[in-house]
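# Examining the three-dimensional arrangement
The primary structure of each chain is shown beneath.
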Amino acid sequence: MEFFQHVLNALQFGSFYALIALGYTLVYGVLRLINFAHGDIFMVGAYIAYFVAIMLLGADGVAAGAGLSPGLTLAITVPVTMILTSLVGVTLERTMYRPLRRKGADRLYVVITALMAGLILENGNLALLGASRKSFPELLQKVVWTFGGVSVTNLKVIVIVAAVVVFGLLQFIVTRTKIGMAMRGISYDKFAIPLMGIPLDTIIVFTFILGSSMAGLAGILFAMSYPILEPYMGALIGWKAFIAAVVGGIGDIRGAIVGGFLLGFIEIGVVAVFPSTLRDLFAFSVLLGILWLKPTGLFGVAKTTKI
Amino acid sequence: MQKHTFTITMFAGMAVLAVLAQLGVINQYLQSVIMLMGVNIILCSSLNLVNGYMGEFSCGHGGFMCVGAYASSLVTVLCFSKNHILGAPLLPDSLALLAFPLALAAGAAVAAVAGLVVAVPSFKTRGDYLAIITLAANYIVISAIDNLEIIGGPRGFMGMNATVNAMNDLVQIPWMLLWVLGGTLFSVWILRRFVSSTLGKGVPAIAQDEIAAEIMSVDTNRMKLIAFMLSSGLAGLAGGLFAHILGYVNPHSFDIMKSTEVMVMVYLGGMGSLSGATLSAVLFTVLLEVLRPLEIWKWVVIPLLLILLMQFRPEGIMGNKELSDLFPKLKKYYSFK
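A brief structural summary. (Residues numbered from 1 in each chain as written. Chains lettered and ligands numbered in written order. Predicted model: local features only at pLDDT ≥ 70, side-chain atom pairs only at ≥ 80, totals over all residues. Heavy atoms only, no water.)

Our focus in this paragraph is the interface of chain B and chain A. As a measure of interface size, the accessible area lost when the parts come together is often cited. Each side of the interface is counted separately: chain B has 41 residues, and chain A has 47 residues. Taking both sides of the interface into account, the surface hidden between chain B and chain A amounts to around 4,000 Å²; carbon and sulfur atoms contribute 78%. On the chain B side of the interface with chain A, the three residues burying the most area are Tyr129, Tyr139 and Gln311 of chain B, jointly 17% of the side's total. For the pair chain B and chain A, the number of links is 0 salt bridges. For the pair chain B and chain A, the interface holds 3 residue pairs in polar contact (both at pLDDT 80 or more). Here the side of chain B that touches chain A gets 10 residues from one element, more than from any other, and that element is helix 6 (residues 127–146) of chain B. (Contact = heavy atoms within 4.5 Å. Buried area = accessible area lost by both parts, 1.4 Å probe. Salt bridge = Lys/Arg side-chain N within 4 Å of Asp/Glu carboxyl O. Polar contact = N/O pair within 3.5 Å; in protein donor to acceptor, adjacent residues only side chain to side chain. Helix = DSSP H or I, 4+ residues; strand = E, 2+ residues; numbered from the N terminus.)

On to the pattern of salt bridges. Inspection of the entire model under this criterion finds 13 salt bridges over all chains. Put simply, arginine 279 of chain A and aspartate 280 of chain A hold a salt bridge, and the shortest N to O gap is 3.7 Å. The exposure class of arginine 279 of chain A is partly exposed, given its relative accessible area of 26%. Residue class for aspartate 280 of chain A comes out buried when judged on its relative accessible area of 17%. Between glutamate 261 of chain B and lysine 258 of chain B there is a salt bridge, with the nearest N and O atoms lying 3.8 Å from each other. Taken together, the positions of glutamate 261 of chain B and lysine 258 of chain B, both in helix 12 (residues 256–269) and 3 residues apart, correspond to about one turn of that helix. Each member of the pair glutamate 261 of chain B and lysine 258 of chain B is classed as buried. One network of salt bridges, with partners in common, ties together Glu93, Arg98, Arg101, Arg102 and Asp201 of chain A. (Buried < 20%, exposed > 50% of the residue type's maximum accessible area, 1.4 Å probe, protein only.)

All right, on to the layout of surface pockets then. If a probe the size of a water molecule is rolled over the atoms, the empty space left behind becomes visible. Residue and element names in this part refer to chain B. By volume, the second largest pocket is sized at about 1,100 Å³. Considering the residues around the second largest pocket, the lining is formed by 32 residues, among which Phe6, Met10, Leu185, Val188 and Thr278 are closest to the centre. Contributions of two or more residues to the lining of the second largest pocket are made by helix 1 (5–23), helix 2 (28–53), helix 8 (175–196), helix 13 (274–290) and helix 15 (323–326). Looking at which element gives the most residues to the lining of the second largest pocket, the answer is helix 1, with 8 residues. Considered class by class, the residues forming the lining of the second largest pocket number 22 nonpolar, 8 polar and 2 charged. (1 Å grid on protein atoms, 1.4 Å probe; cavity = no way out; pocket = protein on both sides within 12 Å on 5 of 7 lines; lining within 4 Å. Points joined across faces, edges and corners; volume = space filled by probe spheres on them. Nonpolar A, V, L, I, M, F, W, Y, C, P; charged D, E, K, R; others polar.)

Moving on, we get to the packing of aromatic side chains. Evaluated as defined, the whole model comprises 19 aromatic pairs over all chains. Aromatic pair tyrosine 24 of chain A and phenylalanine 242 of chain A: ring centres 5.1 Å apart, planes at 35°, arrangement tilted. Linking tyrosine 24 of chain A in helix 1 (residues 2–31) with phenylalanine 242 of chain A in helix 8 (residues 233–248), this pair joins segments that are 218 residues apart in sequence. The class of phenylalanine 242 of chain A is buried, set by a relative accessible area of 0%. Pairwise contacts between aromatic rings join Phe13, Phe16, Tyr17, Phe42, Phe222 and Tyr226 of chain A into one cluster. The ring of phenylalanine 312 of chain B has lysine 103 of chain A sitting right over it, with the charged end atom 5.1 Å from the ring centre. In this structure, lysine 258 of chain B is placed above the aromatic ring of phenylalanine 242 of chain B, and the distance from its NZ or CZ to the ring centre is 5.1 Å. (Phe/Tyr/Trp six-rings, centres within 6.5 Å; stacked < 30°, edge-to-face > 60°. Lys NZ or Arg CZ within 6 Å of the ring centre and 35° of its normal.)

Glancing now at the packing of helix 10 (residues 279–293) of chain A against helix 6 of chain B. One way to put it is that helix 10 of chain A packs onto helix 6 of chain B with a least axis distance of 9 Å and a crossing angle of 150°. When the axes of helix 10 of chain A and helix 6 of chain B are compared, the pair comes out roughly antiparallel. For helix 10 of chain A against helix 6 of chain B, the interelement crossing comes out left-handed. Along the contact surface, helix 10 of chain A presents Asp280, Leu281, Phe284, Ser285, Leu288 and Leu291 of chain A, while helix 6 of chain B presents Tyr129, Ile132, Ile133, Ala136, Tyr139, Ile140, Ser143 and Ala144 of chain B. (Axes fitted to C-alpha atoms, helices over the stretch in contact; angles between N-to-C directions. Parallel < 35°, antiparallel > 145°, perpendicular 65-115°, else oblique. Left-handed = near helix turned anticlockwise from the far one by under 90°.)

Our next topic: the pairing of strand 2 (residues 144–147) of chain A. Along any regular strand the residues' side chains alternate between the sheet's two faces. All names here are of chain A. Looking at chain direction, strand 2 and strand 3 (residues 150–153) are connected through 4 bridges and run antiparallel. If you follow tryptophan 145 over to strand 3, its bridge partner there is valine 152. Linkage of strand 2 to strand 3, two consecutive antiparallel strands, is achieved through a turn of 2 residues, within which glycine 148 is found at a positive phi near 50°. (Pairing = 2+ DSSP bridges.)

Let's shift gears to empty space enclosed by the protein. Residue and element names in this part refer to chain B. A complete count under the given rule lists 1 cavity of 30 Å³ or more for this structure. Size it by volume and the largest cavity reaches roughly 40 Å³. Lining the largest cavity, in full, are Leu47, Val50, Ser58, His61, Phe64, Val118, Phe228, Ser231 and Ser232. When residues of the lining of the largest cavity are traced back to their parent elements, those giving at least two are helix 2, helix 3 (61–80) and helix 11 (220–246). With 3 residues, the single largest contributor to the lining of the largest cavity is helix 11. When grouped by side-chain class, the residues that make up the lining of the largest cavity number 5 nonpolar, 4 polar and no charged.

The structure is reproduced here in structure tokens:
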């Protein structure tokens, strides 16, 4: 029975990684840009959720609180956080990435800019809000179901279902809709796409909205599951999700999901058998091994280069 | 004589620095800033070989620095200080002066071997995927040391001061400053020799086009192996020096933040320029010290500066030019390649 408990935990952890990895992979798939700020967008999402929630609840000594019930707060917090977080993502795109793209700068410079944007978000948050940790208010009455020794909380189920639903939605958007076709087109040839009458910048902004709002969603769910917020929470989980995305084959939505869940299973599996301090060591070694054997990730396709 | 002006000036400058430090004209704080500068120059110029000249995107330089720091510290602690796990010192204190460079070399060698973890996958992998491998390598190193209780694990490792003290007992001069200056000079010299040699011309060739380079008879795998091992070996040397300057190492001071810092220096200076790397390492160290009163805002200001740099001068301070390309008259004053 302990085995199923671990599987559930792994699914929950994998869902967080997968939700963040989806953001990396969407932006990469369209722009060939590693958006290193994405992990910090996730952190910003969690903070936005915190502020929205305490504003609505009136908790933590906020005088202007609306005093809504937890259920209603949650219903409002989720969409508001997703919208505000996607605004953060779009702001990064508009102020930092787009000017560089217009100048035709090398991809590398955009990557550095992204890395620096992440640092600014992290440390700006630390400087503005201080190092004290914020504890997220409880929005959801905890319900525990027990099936023959395996206990499941409703939050866990929500997290896992959210990851699967988001995956289905994004897979649908990318493979079945016109805007998805345009996204795939841009990744194929950035110069021919505008000639076909497709607004390049609109599609890119849409991609950032999708990716960042998923990070915002992950932020809320993470804050609800582990209700301690600190400015560096996005850094490690972001890097890990990024590695998961690459192992799955970056640029492929299925890859992000598979990579995220794989990382979740490895981490929980290691913790179940070995001391928990060995978690990162094993997880990264396995991922390194996978990349060693399959250099473009599980779903990635090797591109032939022409001279 | 004119041709040697540069070399003579450099050695004279080093000697003057050492004398000033000996006489106490430059205080301890200034000395430590100078030593940090030296370490940063080594890190920055060695990463420049991979990220600049070879055009790869390695973001795990801190990991190799960590390997070098721990390996050389382990040697010196084993030899010269009493440790409750590793036992009594193996060598008498009088040998410290002889053993210290060997310990540094050992650290560099171990780090170079660790560089294989990245070098071997780089035969098949390029670009973003290789970046992940370097990133994962950094995490693996930190995590592995975290789990080695014998060298302190997450609490860190100390005892390196005994060696420095032993050297001071022999002759009372600012030894660490001299070692750092020497190490810096050695690193820049060896990198300069390498990239301007016939063999080293293969490295920029890989950056421009790997397949074309291979057709032109560049053994790309061998070049990558040499470049990665040299780069990580020098990072290990920097780590060894860093560990002995502080007298204490902690695995978490070499994590992804450190790697990012080195990357910032490389791109600030310009990819594929050793003088740019040196200049930016000096500038960056000074900037860090000058901005110290800003406390945490420092880490908002510095990334912002780099973002502005990327927007308005993306090639960095020097681009891929050396100082002598910008001021051709300088060529009269040195003879080395």
